[in-house]
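In case you want the letters, here they are:
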Amino acid sequence: MRMISLKIATGILYYIIDAINLLYKTLIQYFWYNTISYGLSPSNAFLIPDLKNQSFLNLYNMLFKTAFLPISAVAIIASSLAVLFYNSFYKPLNPGYNLMKLVAAISIAALSLMIVESVLMELQQGFDYLFKNIGVNWYSFYNFSGGFSKFSVSHPIGSANQEILQFLVLSAYFIAVISLFGVLMMRQALMILMILILPFTTILFSLNIGKKYAKIVWEFIAEMMVYPFLVLLSLYMAYIFSSNIPLQLAFLFVPIVVPAILFFSGRGLTSLPLLSFVGGLTMGTVVSRGIGLTSGLGGTVLSDSIGGSVKNIALSPLQDRIPQKTANMKRSPDSSLPWKQILDEEMKYRKPDSE
């Protein structure tokens, strides 16, 4: 009697697991389709429909009209006061250099939406070509994953181990797909938010207090622009290794892990490593050096010291690597080692050769 009850309970448990597996397959296909459609398709991955949304444009224009001019005026006044303060109490500063730096920052800020939208449209064309010509039906997870589709639904009592294994593997697929969907949607939301505040953080680049925030925003947008290419490559590798379920799952989780690596590796947010593999060439440093180069050209025209401005232009790509001298650095008058004291200490422990 007890054995019959155990078989009945086992059979019910296997039917429940089998029903969960069927539900898993339906949910995985549903969320996978939406992941590709809303997060990775060329029309949505590069935000072109979102940036052309009329409500978004109305909000952007309202913020631009109401806040851009006041913030620009505050930046101009603050920069002027800083130059006046330094010229009065510290070493003289070149007013032409600071003026051109401020003009460059305000100009880039005013054109920031146009710049970002132009770059996104160019990237979208290349991504669209890859997306359509690789030869994968991205919208169907059954066609995409051989490891997923080869699981068959059979009678639960006769295939207990297979049902449990299927449940565990489908759970991993479900977590991977849901997580990828969340990461891609969060990427788009953060990019839209960053684009919205980009003009105001770019203006602050002309002030030392706001330079790091401008770099963070520009670097984040630049790295998230190329992120869909990394996701597409990782998913294609998962397609190639679809028969190797553990490796395929690893490739599905790679795009989920990469944003965490971007944010928490390196020396902080201002040195995100995705673009820094080419010698520190992140978007923030590109913008800073571009503004510095423009400022140096302006300083050549507006200042009396042409040679100094030319030197600043020539050294602008190396400013991050040149060690800066400080006022407290002084050379010791006697930097040599105390050889006499060392020799006397050594001789204390030496015995004479003959007593």
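Computed from a predicted structure; not experimentally measured. (Residues numbered from 1 in each chain as written. Predicted model: local features only at pLDDT ≥ 70, side-chain atom pairs only at ≥ 80, totals over all residues. Heavy atoms only, no water.)

1. Let's talk about the environment of Y227
Consideration 1: Assignment of secondary structure puts Y227 in helix α10 (residues 211-240).
Consideration 2: For Y227, a relative accessible area of 2% corresponds to the buried category.
Consideration 3: Separated by 32 residues in the primary sequence, Y227 and P259 have C-alpha atoms spaced 8.8 Å apart.
Consideration 4: With sequence-adjacent residues up to four places away left out, Y227 is seen in contact with V183, L184, R187, P255, I256, V258 and P259. (Helix = DSSP H or I, 4+ residues; strand = E, 2+ residues; numbered from the N terminus. Buried < 20%, exposed > 50% of the residue type's maximum accessible area, 1.4 Å probe, protein only. Contact = heavy atoms within 4.5 Å.)

2. Considerations on the side chain of S41
Consideration 1: You can see S41 is positioned in the loop between α1 (2-40) and α2 (42-45).
Consideration 2: Only 2.6 Å separates the side chain of S41 from the backbone oxygen of S37, close enough to count as a polar contact.
Consideration 3: The residues touching S41, leaving out its near neighbours within four places in the chain, are I36, F127, F131 and Y139. (Polar contact = N/O pair within 3.5 Å; in protein donor to acceptor, adjacent residues only side chain to side chain.)

3. Quick notes on the nonpolar core
Consideration 1: If you look at the biggest cluster of nonpolar residues, it comprises 52 residues, and the most contacted ones within it are W32, F144, I221, L235 and L252.
Consideration 2: Among the secondary structure elements, those contributing two or more residues to this core are α1, α3 (48-51), α4 (54-89), α6 (112-133), α7 (141-144), α9 (160-203), α10 and α11 (245-264).
Consideration 3: Per-element accounting of this core gives the leading share, 13 residues, to α9.
Consideration 4: Residues within four places of F144 in sequence aside, it is in contact with W32, V136, W138, L235, A238, Y239, S242, Q248 and L252.
Consideration 5: I106, A109, F200 and I203 belong to the second-largest nonpolar core, a separate cluster that totals seven residues. (Core = buried A, V, L, I, M, F, W, Y, C linked by side-chain atoms within 4.5 Å.)

4. Focus on the side chain of T201
Consideration 1: Tracing the sequence through the fold places T201 in helix α9.
Consideration 2: The exposure class of T201 is buried, given its relative accessible area of 12%.
Consideration 3: Among the polar contacts made by the side chain of T201, one reaches the main-chain carbonyl oxygen of L198 at a distance of 3.0 Å.
Consideration 4: If we skip the residues at most four places from it in the chain, T201 touches G210, Y213, A214 and V217.

5. A few points about the environment of L47
Consideration 1: Inspection of the secondary structure puts L47 in the loop between α2 and α3.
Consideration 2: Judged by relative accessible area, which is 0%, L47 ranks as buried.
Consideration 3: With 141 residues separating them in the primary sequence, L47 and Q188 have C-alpha atoms 7.1 Å apart.
Consideration 4: Excluding residues that lie within four positions of it along the chain, L47 makes contacts with Q188, M191, I192 and I195.

6. Details of α10
Consideration 1: Compared with the 44 Å implied by 1.5 Å per residue over 30 residues, the 44 Å span of α10 between its first and last C-alpha is a close match.
Consideration 2: The principal kink in α10, of about 35°, is found at V226, preceding the proline P228 by one to four residues. (Expected span 1.5 Å × (residues − 1). Bend = angle between axes of the 7 residues up to and from the residue.)

7. Looking at the environment of I106
Consideration 1: Within the element layout of this structure, I106 appears in helix α5 (residues 95-110).
Consideration 2: For I106, a relative accessible area of 18% translates into the label buried.
Consideration 3: Each C-alpha atom, one on I106 and one on I203, is 5.3 Å from the other, the two residues being 97 residues apart in sequence.
Consideration 4: Contact partners of I106, with chain neighbours within four places excluded, come to F68, S72 and I76.

8. Topic: the pattern of salt bridges
Consideration 1: Overall, the coordinates contain two salt bridges when judged by the stated rule.
Consideration 2: Across the salt bridge formed by E117 and K52, the nearest N and O atoms sit 2.9 Å from each other. Taken together, the positions of E117 in helix α6 and K52 in the loop between α3 and α4 put the pair 65 residues apart, joining distant regions of the chain.
Consideration 3: Owing to a relative accessible area of 48%, K52 belongs among the partly exposed residues under this scheme.
Consideration 4: Across the pair D128 and K132 runs a salt bridge whose closest N-O atoms are separated by 3.3 Å. Placement of both D128 and K132 in helix α6 is noted, with a separation of four residues, approximately one turn of the helix.
Consideration 5: Residue classification places K132 among the exposed positions, given a relative accessible area of 59%. (Salt bridge = Lys/Arg side-chain N within 4 Å of Asp/Glu carboxyl O.)

9. Considerations on the packing of α6 against α10
Consideration 1: Between α6 and α10, the least distance of the axes is 10 Å, while the angle of their chain directions is 10°. Taken together, α6 and α10 sit at an angle that is classed as roughly parallel. Along the contact surface, α6 presents S112, V116, V119, L120, L123, G126, F127, L130 and F131, while α10 presents W218, I221, M225, P228, F229 and L232. (Axes fitted to C-alpha atoms, helices over the stretch in contact; angles between N-to-C directions. Parallel < 35°, antiparallel > 145°, perpendicular 65-115°, else oblique.)

10. Thoughts on α6
Consideration 1: If you check α6, its first and last C-alpha atoms are 32 Å apart, about what 22 residues at 1.5 Å a residue would give, namely 32 Å.
Consideration 2: When we look at burial in α6, the residues that qualify are S112, L113, V116, E117, L120, Q124, F127 and F131. Summarising the axial view, the buried residues of α6 lie within an arc of 100°, below the 170-degree limit, and thus occupy one face. Facing away from the buried surface of α6 by more than 90 degrees, the exposed residues are M114, E122, Q125, Y129 and N133. (Arc of directions from axis to C-beta.)

11. Describing the packing of aromatic side chains
Consideration 1: Within the structure shown, the criterion is met by 19 aromatic pairs.
Consideration 2: Between F56 and Y60, the ring centres sit 6.3 Å apart and the planes meet at 35°, which makes this aromatic pair tilted. On the criterion of helical spacing, the pair formed by F56 and Y60 is a turn pair, its members being four residues apart in helix α4. Residues F56 and Y60 agree in their burial class; the two are buried.
Consideration 3: Taken together, the ring pairs connect Y33, F46, F127, F131, W138, Y139 and F229 into an aromatic cluster. (Phe/Tyr/Trp six-rings, centres within 6.5 Å; stacked < 30°, edge-to-face > 60°.)

Purely geometric stuff here, so don't read any function into it on its own.
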